[in-house]
Amino acid sequence: MHFERPIALLVALLCCAAVLYSAKKQKKDEYGFPIQTLELPHELPAAVTVETARLEFRTLPLSNKGLLSQQVRDALKTLARQSKDMPVVKLRAFVAGTGDMRRVPTIVGEVFTDKRLALPALTVVQVGALPLEGAQVAIEAISIAKKPVNPHGLALIAGRAAVSADPIDPIAPLAEKAAADLRSAAGTAEVLRLTCYASALDPKVAASLRALFPKAAFQMVQAVRAPSRAFVECEAVARLAHAPVAPAQAGVGVVEISAPRLVISGSQLGFHAAEADVRLAFERIEKALAAAHVKPANVVYAQYYPLTRGVLERIAKIQTEFFSKSHATPATAIVVEGLPSVDASFAMDVIAAVP
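Residues numbered from 1 in each chain as written. Predicted model: local features only at pLDDT ≥ 70, side-chain atom pairs only at ≥ 80, totals over all residues. Heavy atoms only, no water.

A.B. asks: How would you explain the packing of aromatic side chains if you had to name every residue and give the values?
C.D. replies: Enumeration according to the criterion identifies four aromatic pairs in this entry. Arranged with centres 6.3 Å apart and planes meeting at 45°, the rings of Phe 282 and Tyr 304 form a pair that is tilted. A residue pair is termed long-range when its members are at least 10 positions apart, and Phe 282 in helix α6 (residues 275–291) and Tyr 304 in strand β14 (residues 299–306) qualify at 22 residues. With respect to class, Phe 282 is no different from Tyr 304; both count as buried. One aromatic cluster in this structure is built from Phe 282, Tyr 304, Phe 322 and Phe 323. Taking the ring centre of Phe 213 as reference, the NZ or CZ of Arg 183 above it sits at 5.0 Å. (Phe/Tyr/Trp six-rings, centres within 6.5 Å; stacked < 30°, edge-to-face > 60°. Helix = DSSP H or I, 4+ residues; strand = E, 2+ residues; numbered from the N terminus. Buried < 20%, exposed > 50% of the residue type's maximum accessible area, 1.4 Å probe, protein only. Lys NZ or Arg CZ within 6 Å of the ring centre and 35° of its normal.)

A.B. asks: Go over the nonpolar core, please, and point to the residues and values.
C.D. replies: If you look at soluble globular proteins, the nonpolar side chains tend to sit buried side by side. With 29 residues, the main nonpolar core has Leu 182, Val 191, Leu 194, Leu 209, Met 220 and Val 232 as its most contacted residues. Contributing elements (two or more residues each) for this core: β6 (154–164), α4 (172–186), β7 (190–198), α5 (203–212), β8 (217–222) and β9 (230–239). Tallying contributions element by element places α4 first for this core, with six residues. (Core = buried A, V, L, I, M, F, W, Y, C linked by side-chain atoms within 4.5 Å.)

A.B. asks: Requested: an account of the pattern of salt bridges, with residues and values cited.
C.D. replies: Under the defined criterion, the tally for this structure stands at 15 salt bridges. In this structure, the salt-bridge partner of Arg 92 is Glu 140, at a minimum N-O distance of 2.8 Å. One end of the pair, Arg 92, is in strand β3 (residues 88–95); the other, Glu 140, is in strand β5 (residues 137–144), and 48 residues separate them in sequence. Linking Glu 235 and Arg 92 is a salt bridge whose minimum nitrogen-to-oxygen distance equals 2.9 Å. With Glu 235 in strand β9 and Arg 92 in strand β3, the pair connects residues that are 143 residues apart, well separated along the chain. Across this residue pair, the class does not change: Glu 235 and Arg 92 are buried. One connected set of salt bridges, linked through shared partners, spans Arg 92, Glu 140, Arg 193 and Glu 235. (Salt bridge = Lys/Arg side-chain N within 4 Å of Asp/Glu carboxyl O.)

A.B. asks: So what about α4? Which residues, and what values?
C.D. replies: The terminal C-alpha atoms of α4 lie 21 Å apart, and with 15 residues this matches the ideal 21 Å at 1.5 Å per residue to within 8%. Among the residues of α4, Leu 174, Ala 175, Ala 178, Ala 179, Leu 182 and Ala 186 are the ones counted as buried. Here the buried residues of α4 occupy an arc of 125° about the axis, which is enough to place them on one side. Those residues of α4 that are exposed and angled more than 90 degrees off the buried face are Glu 176 and Ser 184. Phi turns positive, to about 60°, at Gly 187, one or two residues after α4. (Expected span 1.5 Å × (residues − 1). Arc of directions from axis to C-beta.)

A.B. asks: Go over unusual backbone geometry with me, naming the residues and quoting the values.
C.D. replies: The phi dihedral of Arg 116 is positive, around 55°, even though this residue is not glycine. Its place among the elements puts Arg 116 in the loop between α3 (103–114) and β4 (121–126). When its relative accessible area of 44% is taken as the criterion, Arg 116 is described as partly exposed. At His 272, a residue that is not glycine, the phi angle is positive and equals roughly 65°.

A.B. asks: For the state of the cysteines, give the residues involved together with the corresponding values.
C.D. replies: Overall, the coordinates contain one disulfide when judged by the stated rule. In this model, Cys 196 is linked to Cys 234 through a disulfide, with the two sulfur atoms separated by 2.1 Å. Residues Cys 196 and Cys 234 share a disulfide whose torsion about the S-S bond is about 110°; that sign makes it right-handed. One end of the pair, Cys 196, is in strand β7; the other, Cys 234, is in strand β9, and 38 residues separate them in sequence. On the basis of relative accessibility, which here comes to 0%, the residue Cys 196 falls in the buried class. (Disulfide = S-S within 2.5 Å.)

A.B. asks: Go over the sheet that holds strand β2 (residues 55–59) with me, naming the residues and quoting the values.
C.D. replies: In space, the four strands of this open sheet follow the order β2-β5-β3-β4, with mixed pairing throughout. The sheet terminates laterally at β2 and β4, the two strands that pair on one side only. Taken pair by pair, the neighbouring strands of this sheet meet at an average axis angle of 10°, ignoring direction. Direction of pairing for β3 relative to β5: antiparallel, over a ladder of seven bridges. (Pairing = 2+ DSSP bridges. Axes fitted to C-alpha atoms, helices over the stretch in contact; angles between N-to-C directions.)

A.B. asks: I'd like a description of the packing of α4 against α5, backed by residues and values.
C.D. replies: Interhelical geometry of α4 versus α5 gives an angle of 20° and a closest axis separation of 10 Å. Between α4 and α5, the interaxial angle falls into the category roughly parallel. For the pair α4 and α5, the crossing hand works out as right-handed. Residues Ala 172, Ala 175, Ala 179 and Arg 183 of α4 touch α5, and the partners they reach there are Val 205, Leu 209 and Leu 212. (Parallel < 35°, antiparallel > 145°, perpendicular 65-115°, else oblique. Left-handed = near helix turned anticlockwise from the far one by under 90°. Contact = heavy atoms within 4.5 Å.)

As structure tokens, this is what we get:
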């Protein structure tokens, strides 16, 4: 009919007006181009690059409400309140109980993506038990402060262990020795995070460790359900009182870092226990570091989570092929109850100094 063309023209004009109005409302960058808002990916990064001076460390409170998924989500809500506008760059989750730990990366990805936050690197391992009955996850977090809080750098202190052959021996004297060794290694540095692995859990031991390091974010877990020996091993991160001479100065089981930037990896799984299998895991870490523009020789600290002590010998041998040739890289190695894959024999994560 004769009025169809005016109607079509009117519809076209309305569509153009809607597009122009939308473009007008859309935010623009400094050059006047519309800012595109893209969906963040759910896949967590293999490694993140951070400023050493601005790193903050926290331990999230345990909860026994609900199952693993709810406890992870509740912990991340608490983290959001605590960190406020500060980006979270690394999470480490110790899972206990019957929950499927493979859900943890998915939940972390979903929560951070829904909040439109940059995704953190993540390490997930299964331990034997947590200090609160019914708790299924204990989470540690590293975030970025708005201002420098570590002006002279950080000390990364590998696990200090005290061991007894009898698995039912009390852990209190072992904890006392491990803590004394760690305090000696820290020197004048202020301990910011203290993580202790033990063959059993004792509230009095935990309280004494908290009292010794009152300013530290503290975590204590039972590494395996049925240990073959009694032990306490504690690792720490400390704030240096004085900058070291070199950007990364390694000692026996400790490294002092004043390098402006660090690369922190998420966990990389090693599958099976043959030497070639262990080497593949190191090669995957090497690729993750390469994407962050650092080399394995820049690794200043490593953490290993094997399922058996037997695999540690192969790890120690291959580590020297990939990391520093001039000195032993400080590392903590803790036998844990389980890993996110049934075929995995160990997990590893590393920290590298950006040259």
